[in-house]
Amino acid sequence: MKKTPLYDAHLKLNAKMVSFHDYVMPLQYDSIISEHHCVRKNAGIFDISHMGRIELFGDKALPFIQQIITNDAVRLVDNQALYTLICNEQGGIIDDILVYRRHENQFMLVVNCSNTEKDLLWLRKQAIDYQPLKIRDLTDRVSLIALQGPQSVNMLEVAFKSKFDYIKRFYFDDYVWNGIRITISRTGYTGEDGFELFVDAKHAVKLWNLLIEKNKQDGLRPIGLGARDTLRLEACLLLYGNDMDETITPLETTIDWTVKFDKGNFIGRDALLRQKIKGVDRKLVGFEMIDRGIPRHGYTVLKGNETIGRVASGSFSPSTKKNIGLCLIKSQYAKMGEELQIQIRDKNYNARVVKTPFYKREFR
Amino acid sequence: MNIPSELLYTKTHEWVKKINSKEVIVGITDFAQQQLKDIVFVELPSVGKELKMGKPCAVVESVKAAYDIYSPLSGKVVKVNHEIQEKPQLVNEDPYGDGWFLQIEIANLNEFNSLLSPSQYRVITESEH
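Being a predicted model, the structure only gives us computed values, none of them experimental.

### Quick notes on the interface of chain B and chain A
(1) Moving on: With 15 residues of chain B at the contact, the number on the chain A side is 19 residues.
(2) Moving on: Roughly 1,500 Å² is buried in total at the junction of chain B and chain A, and carbon and sulfur atoms are behind 49% of that figure.
(3) Moving on: At the junction of chain B with chain A, the criterion picks out four salt bridges.
(4) Moving on: With its nearest N and O atoms 3.1 Å apart, the salt bridge here joins Arg 345 of chain A to Glu 61 of chain B.
(5) Moving on: Taken together, the links from chain B to chain A amount to 13 residue pairs in polar contact (both at pLDDT 80 or more).
(6) Moving on: Of all the elements in the fold, those that place two or more residues in the side of chain B that touches chain A are strand S4 (39–43), strand S6 (56–62) and helix H2 (83–86) of chain B.
(7) Moving on: Considering only residue class, the side of chain B that touches chain A consists of six nonpolar, three polar and six charged.

Shown next as structure tokens:
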């Protein structure tokens, strides 16, 4: 089991630790529900150093990325980030990632913890035609801390006595604190305003403690993976392994917008174009329970007696107080208001297809 | 850790309260609710259902996952606490009181011998902590 540099800090904060892929990570420090509300109403701090960080460096870095991803990286300017998918030749989703453009010849990718090794192999295999291209795994060397919630910009400014509101959503900038370089990105996985901070692993504890010390009197709290999951689900941010995998294509999910057919060739384009013309047989949609019961990943979805799909993600939603989920079902049933049944412990419970996201923050 | 001295326990963290010669009330312990944390759903058996000692008889769900609750004794369900279906947080707030689960008419008095005393149960919670 791998530990992040913040492992001891989590234990000191009485975290309940769980294994998450290769890592031991905090599930919760207190109650998942109160941590969830803290992020929605105020702000929370997360250790997300388990996520993979990969640096790409080379003259052909941009055309290489364009070939690898479904979204269009040509639109990026320096210091801008992009959410995208990596697909295989069949259009199946290999990973969902963030691409950060530092310069035209230097990019950074943030990938799912569970996929870091797989992605590195895939990138190295595809890189043959784009040499010289350096692909470096920075995961162990760089830590990642998220500060999320409506108060996150204020808390960042209090901690560093500097202004950060100029960094707009999906942009990033470098900031030097006591000689330590911190890359501050206005991105996140909660549906709230927020930042993700990249810092040399040697300084992760110092940065974590600074943010907490300067802001705990204003209610900043550490948040575990439990609340991270309920926050992301309410915002309909997909989770790799639950809502996506290599047997699912982007067109079958809610993030088909990340596929830009007009940008030129990329891996998976032909297969996806064929699927787009033919239409998808199944679709990922949001639903809420009408009957009492909590949907969970893998549960069967029915329409009457017919099995029409399965639950991808499901949970109690602390913000809406409903039981919600995403399910991948036959396309003909994927319409607003459609009533479905979810099989929970051999009994069927009524649910209804609803619009996503389940929760949307108020914009300032 | 609150382990009331007048109750009996199971190693799967249920408590049993004798209310007369043939009926008991069953719930989950303070230790169990602390381990589960935010309880957001409870599924109870229907009244009249025959339960077997040690077999699942109810389900509680936290935000993260679902857990079975095991019947501490064999017998028939005579009453269930509908209030915890409406307000599952009662199980967290008052596990030995308003957060009770069910009332059972017991089938076999001998089964009482397999339940744990408060001090025996305390040993189990200390080893699992």
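### Things to note about the domain arrangement of chain A
Residue and element names in this part refer to chain A.
(1) Moving on: Parsing chain A into structural domains produces domain 1 (7–49 + 140–234), domain 2 (52–137) and domain 3 (281–364).
(2) Moving on: On a C-alpha basis, the centres of domain 1 and domain 2 stand 24 Å from each other.
(3) Moving on: Taken together, the contact pairs 20 residues of domain 1 with 17 residues of domain 2.
(4) Moving on: The largest contributions to the domain 1 side of the interface with domain 2 come from Phe 170, Phe 172 and Phe 198, which together make up 41% of the buried area.
(5) Moving on: There are one salt bridge connecting domain 1 and domain 2.
(6) Moving on: Where Arg 102 meets Asp 174, a salt bridge forms, and the shortest distance between an N and an O atom there is 3.3 Å.
(7) Moving on: Linking domain 1 with domain 2 are 10 residue pairs in polar contact (both at pLDDT 80 or more), by the criterion used here.
(8) Moving on: Of all the secondary structure elements, the ones that give two or more residues to the side of domain 1 that touches domain 2 are strand S9 (142–148), strand S10 (172–177), strand S11 (180–185) and strand S12 (194–200).
(9) Moving on: Residues of the side of domain 1 that touches domain 2, tallied by class, amount to nine nonpolar, six polar and five charged.

### Remarks on helix H8 (residues 269–278) of chain A
All names here are of chain A.
(1) Moving on: Along H8, the residues classified as buried are Ala 271, Leu 272 and Gln 275. Seen from one end, H8 has its buried residues packed into an arc of 95 degrees, which puts them on one side. Along H8, exposed side chains directed more than 90 degrees from the buried face belong to Arg 274, Lys 276 and Ile 277.
(2) Moving on: Immediately beyond the C-terminal end of H8, within one or two residues, lies Gly 279, with a positive phi of roughly 95 degrees.

### Topic: the packing of aromatic side chains
(1) Moving on: Using the criterion set out here, one finds 10 aromatic pairs over all chains in the structure.
(2) Moving on: Ring centres of Phe 160 of chain A and Phe 164 of chain A lie 5.8 Å apart, and the angle between their planes is 70 degrees; this geometry places the pair in the edge-to-face category.
(3) Moving on: Measuring from ring centre to ring centre gives 5.1 Å for Phe 160 of chain A and Tyr 175 of chain A, while their planes differ by 55 degrees; the resulting arrangement is tilted. Here Phe 160 of chain A, found in helix H5 (residues 152–160), pairs with Tyr 175 of chain A, found in strand S10; they are 15 residues apart in sequence, far enough to count as distant.
(4) Moving on: Owing to a relative accessible area of 6%, Phe 160 of chain A belongs among the buried residues under this scheme.
(5) Moving on: Given a relative accessible area of 18%, Tyr 175 of chain A falls into the buried group.
(6) Moving on: Through a chain of ring-to-ring contacts, three or more aromatic side chains come together here, namely Phe 160, Phe 164, Tyr 175 and Trp 177 of chain A.
(7) Moving on: Here the basic side chain of Lys 18 of chain B rests over the ring of Phe 112 of chain B, its NZ or CZ set 4.6 Å away from the ring centre.

Definitions and cut-offs
- Residues numbered from 1 in each chain as written.
- Chains lettered and ligands numbered in written order.
- Predicted model: local features only at pLDDT ≥ 70, side-chain atom pairs only at ≥ 80, totals over all residues.
- Heavy atoms only, no water.
- Contact = heavy atoms within 4.5 Å.
- Buried area = accessible area lost by both parts, 1.4 Å probe.
- Salt bridge = Lys/Arg side-chain N within 4 Å of Asp/Glu carboxyl O.
- Polar contact = N/O pair within 3.5 Å; in protein donor to acceptor, adjacent residues only side chain to side chain.
- Helix = DSSP H or I, 4+ residues; strand = E, 2+ residues; numbered from the N terminus.
- Nonpolar A, V, L, I, M, F, W, Y, C, P; charged D, E, K, R; others polar.
- Domains from an automatic or database assignment.
- Buried < 20%, exposed > 50% of the residue type's maximum accessible area, 1.4 Å probe, protein only.
- Arc of directions from axis to C-beta.
- Phe/Tyr/Trp six-rings, centres within 6.5 Å; stacked < 30°, edge-to-face > 60°.
- Lys NZ or Arg CZ within 6 Å of the ring centre and 35° of its normal.

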